[in-house]
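# Overview (structure and organization)
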Amino acid sequence: MKKKAFLYSLIIFLFSSVSSLKAWTGQPGPAVSLSTGTSPRGVAVGSLFGNGTPSFIVANFGSPTFIGQSTPASLLGSTSDLRIFSPSPDGLQLTATIPTASGPRGLALFALDGHSQQSIFVTAYDSNLLQVFSPKGNRLEKIGEAPTLNMPVGVAVGLTRPGGTPFAVVADYGANSLSIYPLGSGGLGKRVDVPVDGGPIQVAIGDLNGSGINQIAVACLSGNKVVLLSLMPNGRQDDPGSYTVSRTIQLPDGSSPSDLKLADLNNDGLSDLIVADFVKNGILIYQQQKDGSLSAQPELAVSGNHPNGLTVADLDGNGKKAIIVANRDSDSIDVFESTGNQYQLTQTFKTSDEPSAALGPVEVGVFDSLGNGRKDLVVSHMRSNTLKVVSQVLGPGSTPTPNNGAGADSRTPFSEMTTFCYPNPTHGGDVRFSFDLEAPQPVLIQVFDVGGEKVWGEELGAGGTQSGVNTVVWPVANQAGQSLASGLYLYSVTVGNQTVTKKMAVLH
């Protein structure tokens, strides 16, 4: 009775501290490592086969060459490929490996000829090529390739305007130029080269002046600027070959843009410009105004070193977009969320706890790796030749759980820090309880409602556990198998004489 009364008091205290289940903040799962090829770089998310199942694609460069350097001849010929992953109840599963020309770097997806199936556009840095792979049945086949200029990095595919001409654009870093290709039923059309100095590295396509005609935005790594290209007023409005430089946005002194994205951050129907500043460790936002001008917002400081790649996504389905950043040389991912009229850093996730944090996460995507509606963060991790998958946390103000993926020798024993459940809150599907053990031993897991009554429990014998990370799947049901109602619950994990008790929420 004393134990039950204590639990009841604890639950009431925790319940009273939560003003709204919608503001619930959970804890992330540990970073899961998936082997991929050598030096994974570019990532993309989309629907390749038109069956409603999304795919996560990563480009494995094949060597540790950096932008602006040629791969030594001794390393040429090493494996260069694309790897396609699909969601499953056990996480991402490798479903295809596609050989490419040497040095695949940038990725973009686009549905050719109005098909529901998307094709993959990939730049081959060492081969000076743009290659296109399209689904044929349940396979991907190369349907075309065309030469670029020198050291192609980023690629984007889009339309000149809604309903206009599709085209692909490549940032040729080594040639200080863009390669533009109109797209048609025959694949890649005749290339047009547009000079853009300052080391063009990444490109994006969208309407940044409110004209209804899409522009090309180019991040220039060594030039400390973003260049915008527009269709020539006296040219054909649907001719991608008529793009020319129309504006240069000079970034703050000392900046060095490594990536950029276009997204409507404040849901006003206008595209905004978001730039990762590799050298000054910041994020720059230029918000489009109703008159088509771009207004610089306060710079956001990242928590780590060298933000290399970024993406923008609605992580929790509330209509608000988060900015997610991969910090290459600090083994971390930052999440910035809107808190009214401006963004602030709300979460930081570690992708590894290794002593050396250099050359870690390069580019980041958002993907439902379990196929249960929950969005995870997935980064290409160059140093370890892996993808790192991190279960994201909903809402600001949460404290991330350190990753324990650096190997068995670095695991932390059973503690509050290493014990958690995910997803939390759950919106349907299974919940996974995760905890660390120094050695196999009995474990008791229990779930209580706000009245202090136990609704579910499972006792594991020593033979059912292992040293290191353990995971127990719970179908969010009571002992009789009936689904639990929405609400706040407590779960406890007991090992020996030590018990960890935490909050969780169920939302339907």
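The following refers to the structure shown.

### Describing the sheet that holds strand S16 (residues 215-220)
Within a sheet, neighbouring strands are paired by backbone hydrogen bonds and run either parallel or antiparallel to one another. The four strands are arranged S15-S16-S17-S18 in an open sheet whose pairing can be described as antiparallel. Only two strands of the sheet have a single partner each, and these edge strands are strand S15 (200-206) and strand S18 (243-250). Sheet twist, expressed as the mean angle between neighbouring strand axes with direction ignored, is 25 degrees. Across six bridges, the pairing between S15 and S16 is antiparallel. For Ile-205, the partnering residue across the bridge sits in S16 and is Ile-216.

### A short note on the sheet that holds strand S29 (residues 376-381)
Pairing in this open sheet of four strands is antiparallel, and the strands run S1-S30-S29-S28 from one edge to the other. This sheet does not close on itself; its edge strands, each paired only once, are strand S1 (32-35) and strand S28 (361-367). Across the sheet, the axes of successive neighbouring strands diverge by a mean angle of 25 degrees, strand direction being ignored. Two elements, S29 and strand S30 (residues 386-391), share six bridges in a ladder whose sense is antiparallel. What sits directly across from Val-378, in S30, is Val-389.

### A short note on the environment of Ser-119
With respect to the helices, strands and loops of the structure, Ser-119 is situated in strand S7 (residues 119-124). For Ser-119, a relative accessible area of 3% puts it in the buried group. Setting aside its immediate chain neighbours within four residues, Ser-119 contacts Ala-108, Leu-109, Phe-110, Leu-112, Val-132, Phe-133, Ser-134 and Pro-135. Of the polar contacts made by the side chain of Ser-119, one reaches the side chain of Ser-134; its length is 2.4 Å.

### Considering unusual backbone geometry
Residue Asp-331 is not a glycine yet carries a positive backbone phi of 50 degrees. Following the sequence through the fold, Asp-331 ends up in the loop between strand S25 (322-327) and strand S26 (332-338). Backbone geometry at Asn-385 places phi at a positive 55 degrees, although glycine is not the residue there. A relative accessible area of 28% means that Asn-385 is categorised as partly exposed.

### A closer look at the pattern of salt bridges
The tally for this structure, following the rule as stated, stands at ten salt bridges. Linking Lys-142 and Glu-145 is a salt bridge whose minimum nitrogen-to-oxygen distance equals 3.2 Å. Notably, a salt bridge pairs Glu-354 with Arg-383, separated by 3.0 Å at the nearest N-O pair. Taken together, the positions of Glu-354 in the loop between strand S27 (343-350) and S28 and Arg-383 in the loop between S29 and S30 put the pair 29 residues apart, joining distant regions of the chain.

### Some thoughts on the nonpolar core
Core analysis: the largest hydrophobic core is formed by 24 residues, its most contacted members being Phe-433, Phe-435 and Trp-474. When contributions to this core are tallied by element, the ones reaching two or more residues are strand S31 (420-422), strand S32 (431-437), strand S33 (443-448), strand S34 (454-460), strand S35 (468-474), strand S36 (487-495) and strand S37 (498-506). Once residues lying within four places of it in the same chain are set aside, the contact partners of Phe-435 are Phe-414, Thr-418, Thr-419, Val-443, Ile-445, Leu-460, Gly-468, Val-469, Asn-470, Val-472 and Val-493.

Procedures and definitions
Numbers given for residues are sequential positions, taken from 1 along each chain in its written order. It should be noted that, the model being predicted, local features are given only for residues of pLDDT at least 70 and side-chain atom pairs only at 80 or more, the latter also being counted only at that level, while totals for whole chains, interfaces and linings use all residues. Hydrogens and waters are ignored; side-chain quantities use all the structure's heavy atoms. Between any two strands, at least two bridges found by DSSP are needed for them to pair. The secondary structure listing takes helices from DSSP runs of H or I that are at least 4 residues long and strands from runs of E that are at least 2 residues long, numbered from the N terminus. Each axis is a line fitted through C-alpha atoms, taken for helices only over the stretch in contact, and angles between the N-to-C directions span 0 to 180 degrees. Relative accessible area decides the class of each residue, using a 1.4 Å probe on protein chains only: under 20% of the type maximum gives buried, over 50% gives exposed, and in between gives partly exposed. The contact criterion used throughout is that any non-hydrogen atoms of two residues lie within 4.5 Å. A 3.5 Å cut-off defines polar contacts: any pair of N or O atoms within that distance qualifies, except that in protein one atom must be a possible hydrogen donor and the other a possible acceptor, and neighbouring residues in sequence count only when both atoms are side-chain atoms. Each reported salt bridge corresponds to a side-chain nitrogen of Lys or Arg within 4 Å of a carboxyl oxygen of Asp or Glu. Among buried residues, those of type Ala, Val, Leu, Ile, Met, Phe, Trp, Tyr and Cys that are joined through side-chain atoms within 4.5 Å constitute a nonpolar core.

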